[in-house]
Amino acid sequence: VLNTYKQILALNAGSAEADMLAGEAYSAEDKTEAAIQQFRAAVKANPSEPEVHFGLGYLLWTRQKYAEAEKEFRAELKNSPKDAQSMVYLGDALLHLGKKAEARQTLLRAIQWNPSLELAHFDLGILDVSSGQNLAAIRQFKRAIRIDPSNTDPRWRLARLYQAMGRKKEAGAEFAQVSRMKRESAESLYRKMAGSPVARAATGSR
């Protein structure tokens, strides 16, 4: 990919697409800071390039640089006003920045465009808990779980909420499910590692 990036730059030194391509390659290798620099170059080359601001915003979001990410998600929405993906991550960034009222409005708008956004329902559940709307929070967490049953975060939040509400049996069931999922995930990772060529070489097995 990086070789292709160099070839594109040789033809067009100011190619935003080339910088984005290189940024995605660095991100895939967990070289996030290098990816951020490439996406910054892409934004500079062409701030109207589709998804360029979202790509930079998402990388900043993974680094918990929520104020910077907010600016990029807003910029993407100026280019694509109904981009639900940018809208939901903007809502999440606003939540982390303590802008709860705006976060709620943004997240509700996102699920109007795409009801299957797990993060939006999860964040709305968190906002409902903080405002004392426990039953609404339960519904949001359950929606998040239905959308992505493999994610333990909404299930853990639901368990904590049941616990706070004195619904011990339901809390216990959710906590047990979270523990089981994490144990199965750890066992799956162990099996993959044990079957790797490095592990086989270390044990002398084939």
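Refer to the structure presented above.
Residue numbers here run from 1 along each chain, matching the order of that chain's written sequence. A pLDDT threshold of at least 70 governs which residues receive local features in this predicted model, and a stricter bar of 80 or more applies before side-chain atom pairs are shown or counted, although totals over entire chains, interfaces and linings include all residues. Derived side-chain values reflect all non-hydrogen atoms in the structure, with water molecules and hydrogen atoms excluded from consideration.

Draft legend 1. Structural context of the layout of surface pockets. One number sums up the size of the largest pocket: a volume of about 200 Å³. The distinction between a cavity and a pocket rests on a 1 Å grid over the protein atoms alone: a 1.4 Å probe fits inside a cavity but cannot get out, while a pocket stays open yet meets protein on both sides within 12 Å along at least five of seven lines, and a residue with an atom within 4 Å of a point counts as lining. Around the largest pocket, the lining comprises 13 residues; the ones closest to its centre are D92, H96, L119, F122 and D123. Elements are defined by DSSP. Helices are runs of H or I of four residues or more, strands are runs of E of two residues or more, and each kind is numbered from the N terminus. Counting residues per element, the lining of the largest pocket draws most heavily on helix α8 (residues 118-130), at five residues. Considered class by class, the residues forming the lining of the largest pocket number six nonpolar, two polar and five charged. Grid points are joined across faces, edges and corners, and a volume is the space filled by probe spheres set on the points. Size it by volume and the second largest pocket reaches roughly 150 Å³. I126, V129, F141, W156, R157, R160, L161 and A164 together form the lining of the second largest pocket. Elements with a minimum of two residues in the lining of the second largest pocket: α8 and α10 (152-164). Residue classes follow a fixed rule: Ala, Val, Leu, Ile, Met, Phe, Trp, Tyr, Cys and Pro count as nonpolar, while Asp, Glu, Lys and Arg count as charged, and any other residue, Gly among them, counts as polar.

Draft legend 2. Structural detail: the environment of D123. Along the chain, D123 falls in helix α8. For the pair D123 and L95, spaced 28 residues apart in the sequence, the C-alpha separation amounts to 7.7 Å.

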